[in-house]
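# Per-entry structural report
Given next are the chains, with one letter for each unit.
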Amino acid sequence: MIKKISIAIDGPAAAGKSTVAKIVAKELGYLYIDTGAMYRAITLEALKNDVDVNDENALDQLLSKTDIKLIAIDGKQFVFINDVDQSEEIRTPEVTRNVSYVAKHSLVRKKLVELQREYALNGGVVMDGRDIGTHVLTDAEVKIFMIASVEERAERRHQENLQKGFESNIEELKKEIAKRDKIDSEREVTPLKKADDAIMLDTSSKSIDEVVNEIMSIVKEKTTNL
Ligand code: CDP
Ligand code: CDP
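Residues numbered from 1 in each chain as written. Chains lettered and ligands numbered in written order. Predicted model: local features only at pLDDT ≥ 70, side-chain atom pairs only at ≥ 80, totals over all residues. Heavy atoms only, no water.

## Topic: the nonpolar core
Using the following cut-off: Residues belong to one nonpolar core when they are buried, are Ala, Val, Leu, Ile, Met, Phe, Trp, Tyr or Cys, and are joined through side-chain atoms within 4.5 Å. Relative accessible area decides the class of each residue, using a 1.4 Å probe on protein chains only: under 20% of the type maximum gives buried, over 50% gives exposed, and in between gives partly exposed. Helix and strand assignments come from DSSP, with helices taken as H or I runs of at least 4 residues and strands as E runs of at least 2, each series counted from the N terminus. Between two residues, a contact is recorded if the distance between any of their heavy atoms is within 4.5 Å.
Of all hydrophobic cores here, the largest spans 33 residues; its most connected members are Ile42, Val108, Leu112, Met127 and Leu137. The set of elements that each furnish at least two residues to this core consists of α2 (35-48), α3 (56-64), β3 (68-73), β4 (76-81), α4 (93-102), α5 (106-119), β6 (125-129) and α6 (132-136). Considering each element in turn, this core owes the most residues, seven residues, to α2. If near-sequence neighbours (up to four positions away) are discounted, Leu112 is found in contact with Met38, Tyr39, Ile42, Leu63 and Ile68. Grouped together as the second largest cluster of nonpolar side chains are 21 residues, Ile5, Val20, Ala21 and Val212 included.

The following block contains the structure:
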């Protein structure tokens, strides 16, 4: 039997992590875990309950009474907060603007990392985020650090917005993405950083299929050598 491994995919906003991670997980029959969705979930709760995103203790208390579950139904990912489906609500611009402030706090990260590791206990997982290779799953057999230029990433988010019928401005998106990357890379606790043993993958001029194929060959090589 082929051993089920853990695959960690990290990188900045809109590098293509979740799109590619979902497809890779489906092809391998693995679980896909979007750790960003968990930080978004607690951020949404904080905004709804008027909890200051800079108040670490208040956020920690809020997290103690917030049940966050990632559930796959018919191959689609859903995020349940206290048993209510909030998959759409966690992606609003307001949550996006605030999430990196919430994600700075070590008490918040500690609780969410515990949850993330539980999902990965039996292997067979593709997990994406910012600190998966460096902290959450340091033993992951495959680690990818996915990057793309800010211009390309803003263009991708712009296209997404247009498809959804949202208003969108490329220059604003560039600023928002660059600001979030800066906070994520400069925070004290497990910042966004390439793990020493991660493979760097620049997706700027690559299609989704090309990136998926590259990762699948890395995984095949790894699993045949186990
Ligand atoms: O999909 P997108 O690139 O917009 O971001 P996301 O993966 O949903 O993550 C949202 C935010 O959560 C990031 O900008 C980080 O501030 C935080 N995050 C984190 O700190 N650590 C992770 N493992 C995942 C996300
Ligand atoms: O998860 P992350 O924030 O890293 O990015 P994403 O949400 O997976 O990807 C952002 C957008 O880029 C999506 O609309 C993807 O379809 C698109 N994309 C792309 O055009 N080419 C790639 N190689 C990867 C993603």
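## Things to note about the environment of Arg97
Looking at the element boundaries, Arg97 is found in helix α4. Placed 74 residues apart in sequence, Arg97 and Ile23 show a C-alpha to C-alpha distance of 27 Å.

## Examining the UniProt feature "domain: Cytidylate kinase" (unreviewed entry) in the protein chain
Quick reminder of the rule: UniProt positions are given in the numbering used here, feature names are shortened, and annotations may be inferred rather than shown by experiment.
According to UniProt, the "domain: Cytidylate kinase" (unreviewed entry) feature falls on residues 7-220. Its end C-alpha atoms 12 Å apart, residues 7-220 is made of 51% helix and 17% strand.

## Considering unusual backbone geometry
Unusually for a residue other than glycine, Asn82 sits at a positive phi of about 45 degrees. Looking at the element boundaries, Asn82 is found in the loop between β4 and β5 (84-85). Of note, the phi angle at Thr190 is positive, near 30 degrees, even though the residue is not glycine. The exposure class assigned to Thr190 is buried, which follows from its relative accessible area of 19%.

## Remarks on the side chain of Asp60
Residue position: Asp60 is located in helix α3. The contacts of Asp60, once residues within four sequence positions are left out, are Leu107 and Lys111.

## Re the sheet that holds β3
In plain terms, the rule: Strand pairing is assigned whenever DSSP detects at least two bridges linking the two strands.
Judged by pairing direction, the sheet is antiparallel, and its three strands sit side by side in the order β3-β4-β5 without closing on themselves. In this open sheet, the two strands that pair with only one neighbour each are β3 and β5. Here β3 pairs with β4 via six bridges, running antiparallel. Bridge assignment links Lys69 to a residue of β4, and that residue is Phe80.

## A word on the site of ligand 1
The condition that has to hold: Consider each residue's heavy atoms; a residue with any of them within 4 Å of a molecule or strand counts as near. Whenever two N or O atoms come within 3.5 Å, that pair is a polar contact, provided that in protein one can donate a hydrogen and the other can accept it, and provided that, for residues adjacent in sequence, both atoms are side-chain atoms. The Shrake-Rupley method, run with a 1.4 Å probe, gives the accessible areas here. Residue values count only the displayed protein chains as cover. In this classification, Asp, Glu, Lys and Arg are treated as charged, Ala, Val, Leu, Ile, Met, Phe, Trp, Tyr, Cys and Pro as nonpolar, and every other residue, Gly included, as polar.
Looking at ligand 1, there are 19 residues lining it, with Arg40, Arg109, Arg180, Asp184 and Arg187 nearest. One of the side-chain N or O atoms of Asp131 is found 2.9 Å from a nitrogen atom in ligand 1. Surface burial for ligand 1 is 96%, taken as the share of its 540 Å² of free accessible area covered by protein chains. Elements supplying a minimum of two residues to the shell around ligand 1: α2, α4 and α8 (170-186). Sort the elements by how many residues they give to the shell around ligand 1 and α2 lands first, with four residues. Taken together, the residues that form the shell around ligand 1 break down as six nonpolar, four polar and nine charged.

## Description of the site of ligand 2
Taken together, the neighbourhood of ligand 2 is formed by 15 residues, with Ala14, Lys17, Ser18, Thr19 and Glu160 sitting nearest. Interatomic distance of 2.8 Å between a backbone N/O atom of Ala14 and an oxygen atom of ligand 2. Burial of ligand 2 by the surrounding chains reaches 82%, relative to a free accessible area of 540 Å². Of all the secondary structure elements, the ones that give two or more residues to the shell around ligand 2 are α1 (17-28), α7 (150-164) and α9 (208-224). Classifying every residue of the shell around ligand 2 by side-chain character gives six nonpolar, four polar and five charged.

## Digging into the environment of Thr224
Tracing the backbone shows Thr224 in helix α9. Relative accessible area serves as the criterion here: at 64%, Thr224 is assigned to the exposed category. C-alpha separation for the pair Thr224 and Lys164, spaced 60 residues apart in sequence, amounts to 41 Å. Reaching out from Thr224, the side chain makes a polar contact with the backbone oxygen of Glu221 at a distance of 3.1 Å.

## A word on the UniProt feature "binding site: ATP" (unreviewed entry) in the protein chain
Annotation from UniProt places "binding site: ATP" (unreviewed entry) at Gly11, Pro12, Ala13, Ala14, Ala15, Gly16, Lys17, Ser18 and Thr19. Here Lys17 is to be found in helix α1. When near neighbours in sequence (up to four residues on either side) are disregarded, Lys17 contacts Ile9, Asp10, Gly11, Pro12, Asp128, Gly129, Arg130 and Met146. Among the polar contacts made by the side chain of Lys17, one reaches the main-chain carbonyl oxygen of Pro12 at a distance of 2.7 Å. Its location among the elements puts Ser18 in helix α1. The exposure class of Ser18 is partly exposed, given its relative accessible area of 27%. Beyond its immediate chain neighbours, meaning those up to four positions away, Ser18 contacts Tyr32 and Asp128.

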